[in-house]
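Structural characterization, general
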Amino acid sequence: MRSTLILLITFVSLLANAQKQIAIEDIYNGTFAEENLGSLNWMNDGQYYTALISNQVVKFDVTTGKEVAVLANGNSLNISINDYYFSDDETKIIFLTERKGIYRRSYTGEYYIYTFANKELKKVSENGRQSYVTFSPDNTKVAFVRDNNLFYVDLKTKKEYAVTEDGIVGKIINGSSDWVYEEELKLTKAFEWSPDGKKIAFLRFDESEVKEYNLQYWDQGAKYPRDYRYKYPKTGEKNSVVTVHIFDIGTSKTLKVDLGKDTDVYIPKIQWTKNPNLLSIMQLTRLQDKLNVYHADAATGKALLIFYEKAKKYLDVYESHDLIYLNNKTQFIFSSPERDGFNHFYLHNMDGQHIGSITKGNWEVDEFIGLDQSKKTPVIYYTSTEDSPLERHIYKIDINGKGKTKLSVSPGTNSMDISKDFKYYMLFNDSSTKPRSIALMSSKGNKLIDTLVNNADQIETAKEFGIRPKEFFTFETVDHTVLNGYFLKPAEFDSTKQYPVLIFQYSGPGSQNVLNTWSGSNYYWHQMLVQKGYVIAVIDPRGTGGRGDAFKKQTFRQMGNLETIDLIEGAKYLGSLPFFDKDRIGIWGWSYGGYASSVAMMRGAGVFKACISVAPFSWEHYDTVYSERYMQRPEDNPSGYEDNSLLKHAHKLQGNYLLVHGTGDDNVHYQVSMNLVNKLVEEGKQFQTFYYPDKAHGIGGLKTRIHLFTMMTEFLEKNL
């Protein structure tokens, strides 16, 4: 505690001498970039780990933290390595090169396999770019996706085999996912090798009946715009029909798993159990209020329902619901927030019977890290909010619920990357007063071996630019709900003066912006505004994360209502403080935050002087998985969609409003902003708007970002 206090005092004293002004170019040219370890991989021998450094795969000794060898040098191999993956026996390595993104998470690339014994480098395939190349567990093959079909290559014969041949763009996808699964269920690679390497389970998407969305790309200098059509299921519309299949390498035969007649469902996850002939399948209902877990026989395709989880409101499968199978082949661990209102681990028999709780309490398990099964009683490593919803700390606990131990000691946000033998781990920590550090730790005694990254240069940069620390606060709404927030205040803050305030928020379900972390979304732009005399206030309204299921899900079916009420309440609270100017309060956000800031300004009736809304979405024009999870379908909840629509409240707009969108946004369509513009014009409202040709949801690109944030800064200087 004493060292932390000294660090805080030192940090604040350094800031007091700040002189240099932040320019928008500084934010994007690497001035504030933190050091990290790229593509960290633990080796089978727990004594070593590797990292990608300067296009080289470098091997380090855990006991000393020192480099011992360069395992592969991309420079001498004449390839630029984007990422790398070892075979299970570590005799070979896959290199991903020439990575080209498709949507947010999907990509193609040129893959190579490097064999250590003879130092041979070979392309995985000469027949076109691939995606998600993966070694088989027996190290004899690799599988991948190309052009909507699934393939594998025999590494001994170098021969390529097609697992599927019916893949057609816009109709059939094998082994990878469609747009909405990628975006909302975080699934891109949709195939899995069996533990013995003899079978491949995969998902087949039939998106023939899914409606298309047409994006136009203007392609600088082109005579005509270019159409780009892709399948995008908007709320209430048809989804892909997804089926599960198992391909047998030995017989070259594929069987379809029988999951019943209902095809209007989601398959968010497939994974093999420890039995190489038993496939585990998660099936989620269309309204995402029931999760079925099946075990399928790989020889017959017959599936047995093991257990199900029913929600009163909805299940967010990506955020929780880990499913971990034990090596004893008789048990599995499942995480869920449904049983006591907070996300916790539970132990089950393989037939689905509940054995008991592993963790419990009025706090959330945040992330499953690993399961050490070398012990007589296996041990789970995880992060949680047990100390505070604003922090994340690392714990371990026996699966019988005993022996819980806290491993992280520094305040803030902690995570870990643990070795395969669980003897060593990388401890990642940052806080509102300290940038990221990476420590190499010994699990035995939880002892520090070496600090690999301390980002001391960022402390100096903070001193040079006068980066302001977060000041956390809470306030109570009219209905006595306590909400979390933090301020960024100018260095020479004078409580006898009044300052303009800009509220930033995202507000989406389960999200958190108010955390004891070093930075956060748009942090350095906010710091620049602080230097200009603004106070930044970041607020997490009802429906956000870290505080249990009841807090998160109270917005169900009325998304956008309580959140915007809280943002208006937050503005009124700030306006009641003597050092803030109640007539100069602004709000801004991006995506869900763009939607929430817009509705808050409209419903606030003059509470906000200015608003910036970037790429705001609307429930009625967004995708099935997201909209229906939180709002159900339009026919199930017509009043929820209508009452919380941007268009519903457009006539109430008062103040200075800037609307920004990228015309190439495949996620939140430019159409949303066009509809809002039409409605605002119809209502006689004056506002400003700007559109970035061909730019996606993130409105990326160095020059584009500089232009965007320069425009936003000038808008605030003139209008707030």
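Refer to the structure printed above.
Residues numbered from 1 in each chain as written. Predicted model: local features only at pLDDT ≥ 70, side-chain atom pairs only at ≥ 80, totals over all residues. Heavy atoms only, no water.

On to the overall build of the chain. Along the backbone of the chain there are 13 helices and 43 strands. Computed over its C-alpha atoms, the radius of gyration of the chain comes to 26 Å, within 12% of the 27 Å expected for a compact globule of 720 residues. Long-range pairs, those at least 24 residues apart, make up 56% of the contacts in the chain with a sequence separation of at least 6. In the structure as shown, the chain presents an accessible area of about 29,900 Å², 48% of it carried by carbon and sulfur atoms. Each charge sign in the chain was given a centre, from 84 positive and 88 negative side chains, and these centres are 2 Å apart. (Helix = DSSP H or I, 4+ residues; strand = E, 2+ residues; numbered from the N terminus. Rg over C-alpha atoms; globule rule 2.2 N^0.38 Å. Contact = heavy atoms within 4.5 Å. Areas by Shrake-Rupley, 256 points an atom, 1.4 Å probe, with all protein chains shown as cover. Lys, Arg positive; Asp, Glu negative; His and termini not counted. Charge placed at Lys NZ, Arg CZ, Asp CG, Glu CD.)

By secondary structure assignment, the location of Tyr-691 is in strand E43 (residues 688-692). In this structure, the C-alpha to C-alpha distance between Tyr-691 and Lys-552, residues 139 residues apart in sequence, is 33 Å. Apart from the residues lying within four places of it in its own chain, the contact partners of Tyr-691 are Leu-659, His-661, Thr-663, Tyr-670, Ser-673, Met-674 and Val-677. Side chain to side chain, Tyr-691 and Thr-689 meet in a polar contact 2.6 Å long. (Polar contact = N/O pair within 3.5 Å; in protein donor to acceptor, adjacent residues only side chain to side chain.)

Here helix H5 (residues 523-531) crosses helix H13 (residues 702-719) at 35 degrees, and the two axes come no closer than 12 Å. Between H5 and H13 the crossing geometry is right-handed. Here Trp-525, Met-528 and Leu-529 of H5 come into contact with H13, specifically with Phe-709, Met-712, Thr-713 and Leu-716. For the contact of H5 with H13, the residue count by class is six nonpolar, one polar and no charged. (Axes fitted to C-alpha atoms, helices over the stretch in contact; angles between N-to-C directions. Left-handed = near helix turned anticlockwise from the far one by under 90°. Nonpolar A, V, L, I, M, F, W, Y, C, P; charged D, E, K, R; others polar.)

Counting residues in each nonpolar core, the largest one holds 97 residues, and the members touching the most others are Ile-281, Phe-608 and Trp-619. Ranked by residue count, the leading element in this core is helix H8 (residues 592-604), at seven residues. Not counting the four nearest positions on each side in its chain, Phe-608 is found in contact with Ile-503, Leu-567, Ile-568, Ala-571, Ile-585, Gly-586, Ile-587, Ala-600, Met-601, Gln-654 and Gly-655. Formed by 41 residues, the second largest nonpolar core is a distinct cluster that contains Ile-27, Leu-390, Ala-610 and Val-660. (Core = buried A, V, L, I, M, F, W, Y, C linked by side-chain atoms within 4.5 Å. Buried < 20%, exposed > 50% of the residue type's maximum accessible area, 1.4 Å probe, protein only.)

Put simply, helix H7 (residues 561-576) and H8 touch, their axes get as near as 9 Å, and they point 65 degrees apart. As H7 runs across H8, the sense of the crossing is right-handed. For the pair formed by H7 and H8, the contact residues are Asn-561, Glu-563, Thr-564, Ile-565, Leu-567 and Ile-568 on the first element and Tyr-592, Ala-596, Val-599, Ala-600, Arg-603 and Gly-604 on the second. Looking at side-chain class alone, the contact of H7 with H8 contains seven nonpolar, three polar and two charged residues.

Our next topic: helix H4 (residues 456-465). When we look at burial in H4, the residues that qualify are Gln-458, Ile-459, Thr-461, Ala-462 and Phe-465. Axial view of H4: buried residues confined to an arc of 160 degrees, hence all on one face. Two residues or fewer past H4, Gly-466 is found with a positive phi of approximately 70 degrees. (Arc of directions from axis to C-beta.)

Let us now look at the packing of aromatic side chains. A complete count under the given rule lists 59 aromatic pairs for this structure. With centroids separated by 4.7 Å and ring planes inclined at 20 degrees, the aromatic side chains of Phe-493 and Tyr-499 adopt a geometry described as stacked. A residue is classified by how much of its surface remains accessible, and Tyr-499, at 10% relative accessible area, is buried. Measuring from ring centre to ring centre gives 4.8 Å for Phe-617 and Trp-619, while their planes differ by 70 degrees; the resulting arrangement is edge-to-face. Positioned above the aromatic ring of Tyr-395, the side-chain terminus of Lys-404 is 5.9 Å from the ring centre. Across the ring face of Tyr-314, the terminal group of Lys-553 is positioned such that the distance to the ring centre comes to 4.8 Å. (Phe/Tyr/Trp six-rings, centres within 6.5 Å; stacked < 30°, edge-to-face > 60°. Lys NZ or Arg CZ within 6 Å of the ring centre and 35° of its normal.)

Ordered in space as E24-E25-E26-E27, the four strands form an open sheet in which the pairing is antiparallel. Of all the strands in the sheet, the pair left with one neighbour each is strand E24 (323-325) and strand E27 (354-357). Recorded for the sheet is a direction-independent mean angle of 25 degrees between the axes of neighbouring strands. Relative to strand E26 (residues 344-349), strand E25 (residues 331-336) is paired through six bridges, and the arrangement is antiparallel. Paired with Ser-336 across the strands is His-344, a residue of E26. (Pairing = 2+ DSSP bridges.)

Side chains carrying opposite charge are able to pair once their charged atoms draw close together. For the structure on display, the rule yields 32 salt bridges. With a shortest N-O distance of 3.5 Å, Lys-123 and Glu-110 are connected by a salt bridge. Remark: Glu-110 occurs in strand E7 (residues 107-115) and Lys-123 occurs in strand E8 (residues 120-123); sequence separation between them is 13 residues. Take Lys-123: its relative accessible area is 30%, and that puts it in the partly exposed class. Overall, Glu-110 belongs to the buried group, its relative accessible area being 12%. Put simply, Glu-642 and Lys-648 hold a salt bridge, and the shortest N to O gap is 3.8 Å. One network of salt bridges, with partners in common, ties together Asp-264, Arg-286 and Glu-628. (Salt bridge = Lys/Arg side-chain N within 4 Å of Asp/Glu carboxyl O.)

On to the pairing of E8, then. Judged from the four bridges that link them, E7 and E8 form a sheet pairing that is antiparallel. Residue pairing across strands places Tyr-112 opposite Lys-123, the latter belonging to E8. The hairpin formed by E7 and E8 contains four residues between the paired strands, and Lys-119 there has a positive phi angle of roughly 55 degrees.

The topology assignment puts Ser-437 in strand E34 (residues 434-442). Setting aside chain neighbours within four positions, we find Ser-437 in contact with Leu-427, Phe-428, Asn-429, Val-453 and Asn-454.

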